[in-house]
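Here is how the chains run, residue by residue.
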Amino acid sequence: SFILAEDTFNDRVVKMEKMAKAVQKLPFKPRVANFARIDLYHRFPEMIELAAASGIVSQAYGIETFNHETGKIIGKGLHPDKVKETLLHVNDYIEKHGIHNEHYGYCTWIVGLPNESVESIMATHEWFKNFWYPHGSQAFALRIFKHGNFLSAFSTDLAKYNYEEIENVKGINHWGFEDNPDKQTPKTDSIIWKNQYLNRYDAMKIRNNIQAD
């Protein structure tokens, strides 16, 4: 069993072709897990066959949102219906044609992105719950860093994306826990944000409820 630790397994067709050829020459059948982009599987459907031939049994996808307008803001412009269709197709193809005839897809997504309502967030949860089982999905509450190596466009221009900074709620850290040094990083690392639909604390509560569902 192997994990491909690079951030995007399917970034180039030619690389996947080399991977598939190398795997076919091995005297054993490797079981491979990786990180992949679902939009590239949609754009280059030949990649799906190559993934199946490469021993892929598990893939992690950063979906982020099924809200089309929000997706375009954060650089995830493929229409959500096509994202869902491709997720299901990749899964079905690898299960039928892969070396091991199995596939586990793990999707991550974000609560609190620009211009996404609570109703839209819960619709994403319902899709994963109804159509992606027994595969995995995990929601994360949006975290906007103040400084360091993980600054995003949100960090540098909150107002442009309809966010504003609010005061910390006394006794609660940015993870939504009661203040406890063992469960938090310093508050100064993150912005406690608010947009037109919810704030960081609301996002944490929604995320926690989703994971418990």
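Scroll up a little and you will see the structure.
Below or above, wherever it landed, is the structure these notes cover.

Calculation rules
- Residues numbered from 1 in each chain as written.
- Predicted model: local features only at pLDDT ≥ 70, side-chain atom pairs only at ≥ 80, totals over all residues.
- Heavy atoms only, no water.
- Helix = DSSP H or I, 4+ residues; strand = E, 2+ residues; numbered from the N terminus.
- Buried < 20%, exposed > 50% of the residue type's maximum accessible area, 1.4 Å probe, protein only.
- Contact = heavy atoms within 4.5 Å.
- Axes fitted to C-alpha atoms, helices over the stretch in contact; angles between N-to-C directions.
- Parallel < 35°, antiparallel > 145°, perpendicular 65-115°, else oblique.
- Left-handed = near helix turned anticlockwise from the far one by under 90°.
- Nonpolar A, V, L, I, M, F, W, Y, C, P; charged D, E, K, R; others polar.
- Polar contact = N/O pair within 3.5 Å; in protein donor to acceptor, adjacent residues only side chain to side chain.
- Pairing = 2+ DSSP bridges.
- Phe/Tyr/Trp six-rings, centres within 6.5 Å; stacked < 30°, edge-to-face > 60°.
- Lys NZ or Arg CZ within 6 Å of the ring centre and 35° of its normal.
- Salt bridge = Lys/Arg side-chain N within 4 Å of Asp/Glu carboxyl O.

## Topic: the overall build of the chain
Here is step 1 of the chain: Counting secondary structure elements, the chain contains eight helices and nine strands.
Here is step 2 of the chain: Taking all 213 residues of the chain together, 42% fall into the buried category.
Here is step 3 of the chain: Counted over contacts in the chain with a minimum sequence separation of 6, partners at least 24 positions apart contribute 74%.

## Regarding the packing of helix H1 (residues 13-25) against helix H3 (residues 46-53)
Here is step 1 of the chain: Running from N to C, H1 and H3 cross one another at 25 degrees; their axes reach a closest spacing of 8 Å. In terms of their interaxial angle, H1 and H3 are classed as roughly parallel. By crossing handedness, the relation of H1 to H3 is classed as left-handed. Counting all contacts with H1, which are made through Val-13, Met-16, Glu-17, Ala-20, Val-23 and Gln-24, the residues of H3 involved are Glu-46, Met-47, Leu-50, Ala-51 and Ala-53.
Here is step 2 of the chain: Considering only residue class, the contact of H1 with H3 consists of eight nonpolar, one polar and two charged.

## Thoughts on the side chain of Asn-195
Here is step 1 of the chain: If you trace the backbone, Asn-195 turns up in the loop between strand E9 (193-194) and helix H8 (200-212).
Here is step 2 of the chain: A distance of 2.8 Å separates a polar side-chain atom of Asn-195 from the backbone nitrogen of Tyr-197.
Here is step 3 of the chain: Looking at Asn-195, its side chain comes within polar contact range of the main-chain nitrogen of Leu-198, at 2.9 Å.
Here is step 4 of the chain: Other than its neighbours up to four places away in sequence, Asn-195 contacts Gly-112, Leu-113, Asn-162 and Tyr-163.

## Some details on the side chain of Asn-34
Here is step 1 of the chain: In this structure, Asn-34 sits in strand E2 (residues 32-36).
Here is step 2 of the chain: Among the residues examined, Asn-34 registers a relative accessible area of 4% and is labelled buried.
Here is step 3 of the chain: Within polar-contact distance, the side chain of Asn-34 engages the side chain of Gln-59 at 3.1 Å.

## Notes on the environment of Ile-63
Here is step 1 of the chain: With respect to the secondary-structure elements, Ile-63 resides in strand E3 (residues 56-64).
Here is step 2 of the chain: Overall, the relative accessible area of 5% leaves Ile-63 in the buried class.
Here is step 3 of the chain: In sequence terms Ile-63 and Thr-108 are 45 residues apart; their C-alpha atoms lie 5.8 Å from each other.
Here is step 4 of the chain: Look past the residues within four positions of Ile-63 in its chain and what remains in contact with it is Ile-38, Lys-76, Val-83, Leu-87, Cys-107, Thr-108 and Phe-128.

## Overview of the sheet that holds E2
Here is step 1 of the chain: The strand order across the open sheet built from five strands is E1-E2-E3-E4-E5, with neighbouring strands paired in parallel fashion. Both edges of this open sheet fall to strand E1 (2-3) and strand E5 (136-141), since each of them pairs with a single strand only.
Here is step 2 of the chain: Sheet strands touched by helix H5 (residues 80-97): E3 and strand E4 (104-111). Its angle to E3, the strand with the most contacts, is close to 175 degrees.
Here is step 3 of the chain: Each of E4 and E5 is contacted by H8, which is oriented at about 165 degrees to E5, the strand it contacts most.

## Re the packing of aromatic side chains
Here is step 1 of the chain: Tallied over the entire structure, the rule returns ten aromatic pairs.
Here is step 2 of the chain: Between Trp-127 and Phe-128, the aromatic rings sit 5.5 Å apart at their centres with planes inclined by 75 degrees, giving edge-to-face as the arrangement.
Here is step 3 of the chain: Of the residues examined, Trp-127 reaches a relative accessible area of 10% and is grouped as buried.
Here is step 4 of the chain: Residues Tyr-163 and Trp-193 carry aromatic rings whose centres are separated by 5.5 Å and whose planes lie at 80 degrees to one another, so their mutual orientation is edge-to-face. Taken together, the residues Tyr-163 in the loop between helix H7 (153-156) and strand E7 (164-165) and Trp-193 in strand E9 connect sequence positions 30 residues apart. Side by side, Tyr-163 and Trp-193 carry an identical accessibility label, which is buried.
Here is step 5 of the chain: Taken together, Phe-66, Trp-109, Trp-127, Phe-128, Phe-131 and Trp-132 form an aromatic cluster joined through their ring pairs.
Here is step 6 of the chain: Taking NZ or CZ as reference, Lys-84 lies 4.9 Å from the ring centre of Phe-66, over its face.

## Regarding the environment of Ile-3
Here is step 1 of the chain: For Ile-3, the position within the fold is in strand E1.
Here is step 2 of the chain: Overall, the relative accessible area of 66% leaves Ile-3 in the exposed class.
Here is step 3 of the chain: Along the primary structure Ile-3 and Ala-33 are separated by 30 residues, whereas in three dimensions their C-alpha atoms are 4.8 Å apart.

## Focus on the pattern of salt bridges
Here is step 1 of the chain: This model, assessed by the stated rule, comprises eight salt bridges.
Here is step 2 of the chain: Residue Lys-15 is joined to Glu-6 by a salt bridge in which the shortest nitrogen-to-oxygen separation is 3.0 Å.
Here is step 3 of the chain: On the basis of relative accessible area, Glu-6 is assigned to the partly exposed category, the value being 35%.
Here is step 4 of the chain: The partner of Asp-11 in a salt bridge is Arg-12, and the shortest N-O contact between them spans 3.2 Å.
Here is step 5 of the chain: When its relative accessible area of 32% is taken as the criterion, Asp-11 is described as partly exposed.
Here is step 6 of the chain: Residue classification places Arg-12 among the partly exposed residues on the basis of a relative accessible area of 43%.
Here is step 7 of the chain: Sharing partners across several salt bridges, the network here consists of Glu-6, Asp-11, Arg-12 and Lys-15.

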